Amino acid sequence: MLAFNALNGVTFAALLFVVASGFTLIFGLMRIVNLAHGALYLVGGYIGLTVATKTGSFLAGAATAAVAIAMVGFLIDTSLLRFVKGYELRQVLLALGVALVLNDLALIVWGGDTFTVPVPGALQGPLRLGAIAYPRYRLFVLAVAVVLFAGLWFLLHRTRLGALIRAGVDDLEMVDAMGVDIKRVFIYTFMLGSALAGLGGTLGGAFLSLYPSADVEILVFSLAVVIIGGRGSLVGAGVGSLLVGMLATFGQVWFPELAYFVIFGPMAVLLAFRPLGLFGRAT
Amino acid sequence: MHRRSFLKTTGLFALSSWARRASAADAGPIRIGLLSPLTGVIAAGGRELVDGFNLYWDQVGHKAGGREIEVVVEDDASNPNTALQKARRLVEQREVHMLVGDILANTGLAVAEYVKGNGVPYFIPVIAADDLTQRKRIPNVIRIAGYSASQSTRPLADYALKKGIRKVITVSQDYTFGHEQCGGFCQVFTEGGGSVLQQVWHPLNTPDFSPYLPQIQSLRPDAVFAMETGADGSRFIQQWANFGLKDKIQLFTSMNATDQSIIRTLGPEAEGVISAGHFCEGRDDAANKKFVADYEKAFAKLPSIYAFSHYSGAMWLAEAFKASGGKVEDRPRFLEAVRKVKLSASPLGREVSLDKYGNPIYDMYIRKVARRADGKLWNVPVEVYPGVSQFWKYDPEQYMKQPSYSREFQGIKKA
Amino acid sequence: MSRNAVPFAVVAAALCAVPFAAPGYKTSLATEMLIFAALAMSIDVLAGYAGRTSLGHGAIFGIATYVVLYTVTVAGGHPWMGALLGLCAATVAAVVFALLAIRTSGVYFLLITLALGMIVWGICLRWTSVTGGENGLRGSVRPSLLAGPVPFYYFVLAATALMSYAMWRFVHSPFGLTLRGIRGSESRMRTLGYDVSLHLFIGFVVSGFFAGAAGVLYAFFNSFASPATVALAQSVAALLMVLVGGVGTLVGSFVGSVAIISLENFVSFHTERWPMVLGLVFIATMIFAPEGLVGRARLMLARYSPQVRKP
């Protein structure tokens, strides 16, 4: 029983990681609390749903979602966010406005029915792991998250772009002063973060389903992950996801009355006493 | 598609209603304020509610009782604060003669409180809060074409007993509607000799039922009754199948969980799920088939309970308008007419009328999810319980002495 | 000061004339505008003058509403008793929020007040035995003297005028000036010897008190409290009123409240796409008029009437 719930917590954490990793990159580097991240997840999920249903390929759906939302992110950054660059609060509130618009657009286009992204037959049904039968798809999500972590780690620690991102998270002014085209780095980061949200939407849409308030729910979790784990930190996103995933799963079983408190309590406490979170670094 | 045609229809209707209003003879149109959650968590149902309601009026040319019918729609955003605000706006600013609609029980309760104070008629084809037609009834709140939460689950419990099921676990969303549906089920089930092994209550919008499923399996019930609505229903049915429980334990659900609004986006995991309700879209009855066909033609999908109840509700109102000569301003006479309606030739089945507490008496169908010839999923009846009222076989006054269903009181008879 | 007297008198007269010029539903709409203007103003006190933007004031506002409803409908108390308890509860909530939030600033302050607001929402949603859960608390709570819409309007008008005056005096007092100094530069104020944390704490609590007062008025207005009353959406809507009107202008809160509520009334007449319109207003305000309507107006006045400016 415990093992079962632990697996539930870990696989849920895997999805949270996919989504929150994008959020933390944007927050860490660009200092933008992208409140539209949840809406990007939802729209990405819907796009993935439509493509996967029409083409019969889950992979095509996921890939299209990631690319499409990267484009949406590009648009948001270059046509809206650039007007409020440097003004932290304005960015946050602008992102909130974008979230409202995207959510309503999604309602117009896809309607309010609950949809589930179709998964290939190979991933359906349970897999026998010793004494328990566990859904294959959730294990797949776990695998995706692990691969993603490795990929992002490689990007951040072995490529030039990654080095620039890490440097920017640490000390933005220095990077700018060194003559790097920081604007380009910002755009790539925003696109990458958005793509991850879109990918997350397709992945999540297959087992958590897609419906009008799914964006707010995932945003709330992403916020908690990034605050607890620390902004701009990949390891922080990983650890934060595990913590939040476990808290949410076990909290639901053991303390259903305190459902929200279990997530927001630690978040509020951390914000009050250690705003940088567990792995965030002071600039 | 349906959305665009809805907008077009409404736009054209709005234009023509202005024109009609300008040329109206003596009494102006009957203005009906339709409250519906067009945004928010239950937006899909809200859309269908409006579509179903308007479909009827479109079919009869927006006329009844000798007057034009004008429907004014307001979004209650799936939340009671907004519902209250919009109800006030409809009554005080838009001067509607009556209010209809809402889906979520908490929105209905908020509006009911408001109309208690000013006597505006409020008709609730979907709001199922038991007490609105029982212990806390309000004379001007009438559940035309609607049902009370515990009304539909009692026949299901009886059916389960008939099928030899003796041990059940209930899984339910933790709010009034869930408490009442489970209460109705548990009371009849335990009074008939069954036992409820456990009751799982979870918050609304639970993404993950996996924490509960292994526990359920280990207790070995004969069946599980899952009271779910909306996205929770969809997820539950899928996760139930994904965890391999579908073929091991019989699944009964609330009629909301097997409603079209959920099963139309599901696949084989929904087949064979049994529920009970007064609406069964696969029923072989002339009026029902016609309604389903008309709806499918207009909106390219099978109707959900939200569309069905408001279509029938509109029909009910049309009868009442006719019977009262269109004089809705004479409230006592109008409300009396509403109460006396005997609706026949409606998708509700054979002649339906209200009991003396303001709730209809129906034939309840035990329904199973099956595939239609063209592959779409729908509910077909496997058994019928005729003439089920909100009080089942209990004496109303005796029944109302017992407390309202809640988490603490589920009507469970101690063995 | 005398320059402002004439427009003030005009506005005051207009406000007093509302029940005659705009009777029926419009009067209750105006009442609602006043109540939300008061909430928005309480947010502005902190955002505009101490430089701390909060997304938790809706929760503090709603706590007062709940307490009034509970006192009257569940505990059987008197409405005025409920009002007093509501004010106390809101102030206590503000103290708790403040203790946790004043160590942060900027975006982190926004996030922590958001998180605290969500905790309050979660409590209101799940503590069914006290708060009625998702059904909320309902029942007539308006004091009987104020039962009619017209007397109630004048009561709210008087209350709001009093609150606005109090907030205005507060931000223009030496304490308020210190807050503005803190908004300008915390480190500077610290070196000058001011206890920054204490000032921010008091500022937050005062601001929360006024939010609670608005919440009490709302309880009388609505006779209903549900989790939606304390939800994030409430804080967001009120914050938008401050932004649209103009942060740091106080009077902008009235402008913002009238603008947003009128807009919503107008939009919902024609379409259910209000959330989209709301989002667009957010975006447009942040890009084109971040200083708000009143802020913009003041800038333009300053630019086009140079003779008024003092050297």
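In this numbering scheme, every chain counts its residues from 1 along its sequence in written order. Working convention: letters from A go to chains and numbers from 1 go to ligands, in the order in which they are written. Two thresholds apply to this predicted model, a pLDDT of at least 70 for residue-level local features and 80 or more for giving and counting side-chain atom pairs, whereas whole-chain, interface and lining totals are computed over all residues.

With that settled, consider the overall build of chain B. In DSSP terms, a helix is any run of H or I states spanning at least four residues, a strand is any run of E spanning at least two, and both are numbered starting from the N terminus. Within chain B, the regular secondary structure consists of 13 helices and 13 strands. Along the longest, intermediate and shortest principal axes, the C-alpha atoms of chain B span 70 × 50 × 40 Å. Classification of the 415 residues of chain B by burial places 59% in the buried group. Each residue is represented by a C-beta atom placed from its backbone, and any two residues with such atoms within 7 Å are regarded as in contact. Within chain B, contacts between residues separated by at least 24 positions form 71% of all contacts whose residues are at least 6 apart in sequence. Using C-beta atoms placed from the backbone, we call a residue buried if 20 or more other C-beta atoms fall within 10 Å of its own, exposed if 12 or fewer do, and partly exposed for counts in between.

The next thing to look at is the domain arrangement of chain B. All names here are of chain B. Each assigned domain of chain B is listed here: domain 1 (2-148 + 286-360) and domain 2 (150-283 + 363-399). For domain 1 versus domain 2, the separation of C-alpha centres amounts to 27 Å. Facing 28 residues of domain 1, the contacting portion of domain 2 comprises 22 residues. Within the residue set of the side of domain 1 that touches domain 2, elements represented by two or more residues are helix H2 (43-59), helix H10 (286-299) and helix H11 (305-323). As annotated, the domain borders come from an automatic or database domain assignment.

Residue and element names in this part refer to chain B. Each pair of strands is called paired provided DSSP finds at least two bridges between the two strands. Taken in spatial order, the 6 strands line up as S2-S3-S1-S4-S5-S6 in an open sheet, and their pairing is mixed. Either end of the sheet is taken by a strand with one partner, and the two such strands are strand S2 (63-64) and strand S6 (141-142). When strand S5 (residues 122-123) meets S6, the two strands line up parallel, connected through 2 bridges. Within S6, the residue paired with Phe123 across the bridge is Ile142.

Moving on, we get to the interface of chain B and chain A. Contacts between chain B and chain A engage 28 residues on the former and 28 residues on the latter. Sorting the residues of the side of chain B that touches chain A by element identifies H2, helix H7 (213-219), helix H8 (230-242) and helix H9 (260-263) of chain B as the ones contributing at least two each. Per-element accounting of the side of chain B that touches chain A gives the leading share, 6 residues, to H8(B). Gly falls in the polar group here, along with every residue not listed as nonpolar (Ala, Val, Leu, Ile, Met, Phe, Trp, Tyr, Cys, Pro) or charged (Asp, Glu, Lys, Arg). Tallied by class, the residues present in the side of chain B that touches chain A amount to 10 nonpolar, 14 polar and 4 charged.

Among buried residues, those of type Ala, Val, Leu, Ile, Met, Phe, Trp, Tyr and Cys that are joined through C-beta atoms within 7 Å form a set called a nonpolar core. Counting 335 residues, the largest nonpolar core has Leu99(B), Ala38(C), Ile63(C) and Ala115(C) as the members making the most contacts within it. Shared between two domains, this core takes at least three residues from each, and those domains are domain 1 (2-148 + 286-360) and domain 2 (150-283 + 363-399) of chain B. Apart from residues lying up to four places away in sequence, Ile63(C) is in contact with Ala89(C), Ala90(C), Ala93(C), Val120(C), Gly215(C) and Val230(C).

The next subject is helix H3 (residues 57-74) of chain C. The length a helix should cover is 1.5 Å for every residue beyond the first. The end-to-end C-alpha separation of H3(C) is 25 Å, in line with the 26 Å expected for 18 residues at 1.5 Å each. Directly beyond the C-terminal end of H3(C), a positive phi value near 70° is found at Gly76(C).

On the side of chain C, 30 residues touch chain A, which itself brings 30 residues to the contact. Contributions of two or more residues to the side of chain A that touches chain C are made by helix H4 (88-110), helix H9 (214-229) and helix H11 (259-273) of chain A. Partitioning the side of chain A that touches chain C into residue classes produces 23 nonpolar, 3 polar and 4 charged.

Let's shift gears to the pairing of strand S3 (residues 67-75) of chain B. All names here are of chain B. The element S3 is extensively covered by neighbouring structure, given that 8 of its 9 residues are classed as buried. Of the pairings in the sheet, the one linking S2 to S3 comprises 2 bridges and is antiparallel in character. Looking at S3, one finds that Ala64 is bridged to Arg67.

Residue and element names in this part refer to chain C. The interhelical angle for the contact between H3 and helix H10 (residues 196-222), taken along N-to-C directions, is 45°, at an axis separation of 7 Å. By the angle between their directions, the pair H3 and H10 is classed as oblique. The handedness of the crossing between H3 and H10 is right-handed. Along its contact with H3, which presents His57, Ile60, Phe61, Gly62, Ile63, Ala64, Thr65, Val68 and Leu69, the element H10 presents Gly208, Ala211, Gly212, Ala214, Gly215, Val216, Tyr218 and Ala219. Every axis in this analysis is a line fitted to C-alpha atoms, fitted for helices over the stretch in contact. Angles between the N-to-C directions lie between 0 and 180 degrees. By the definition adopted for this analysis, an angle is roughly parallel if under 35 degrees, roughly antiparallel if over 145, roughly perpendicular if from 65 to 115, and oblique otherwise. By the definition used in this description, the sense in which the near helix is turned from the far one sets the handedness, with an anticlockwise turn below a right angle giving left-handed and a clockwise turn giving right-handed.

What follows deals with unusual backbone geometry. Residues and elements named next belong to chain B. Despite not being glycine, Ala77 has its phi angle at roughly 55°, a positive value. Along the chain, the position of Ala77 falls in the loop between S3 and helix H3 (80-93). A count of 27 C-beta atoms within 10 Å places Ala77 in the buried class. Here the phi dihedral of Trp392 falls at roughly 55°; this positive angle occurs in a residue that is not glycine. What makes Trp392 partly exposed here is the crowd of 19 C-beta atoms within 10 Å.

The residue Asn106(B) is located in helix H4 (residues 105-118) in this model. Between the C-alpha atom of Asn106(B) and that of Pro80(B), which follows or precedes it by 26 residues, the distance is 5.9 Å.

This part covers the pairing of strand S8 (residues 195-202) of chain B. Residue and element names in this part refer to chain B. Here strand S7 (residues 167-173) runs beside S8; their pairing, made up of 7 bridges, is parallel. Counted as the bridge partner of Lys167 is Ser195 from S8. If the strands point away from the viewer and the path from the first strand over the helix to the second runs clockwise, then the crossover is right-handed. A crossover connection joins S7 to the parallel S8 through helix H6 (residues 176-191); in handedness this β-α-β unit is right-handed.

All names here are of chain C. Here Ala238 lies in helix H12 (residues 232-245). Sequence separation between Ala238 and Leu39 is 199 residues, and the spatial gap between their C-alpha atoms is 6.7 Å. Residues contacting Ala238, with those up to four places away along its chain left out, are Phe36, Leu39, Ala40, Ile43, His57 and Gly58.

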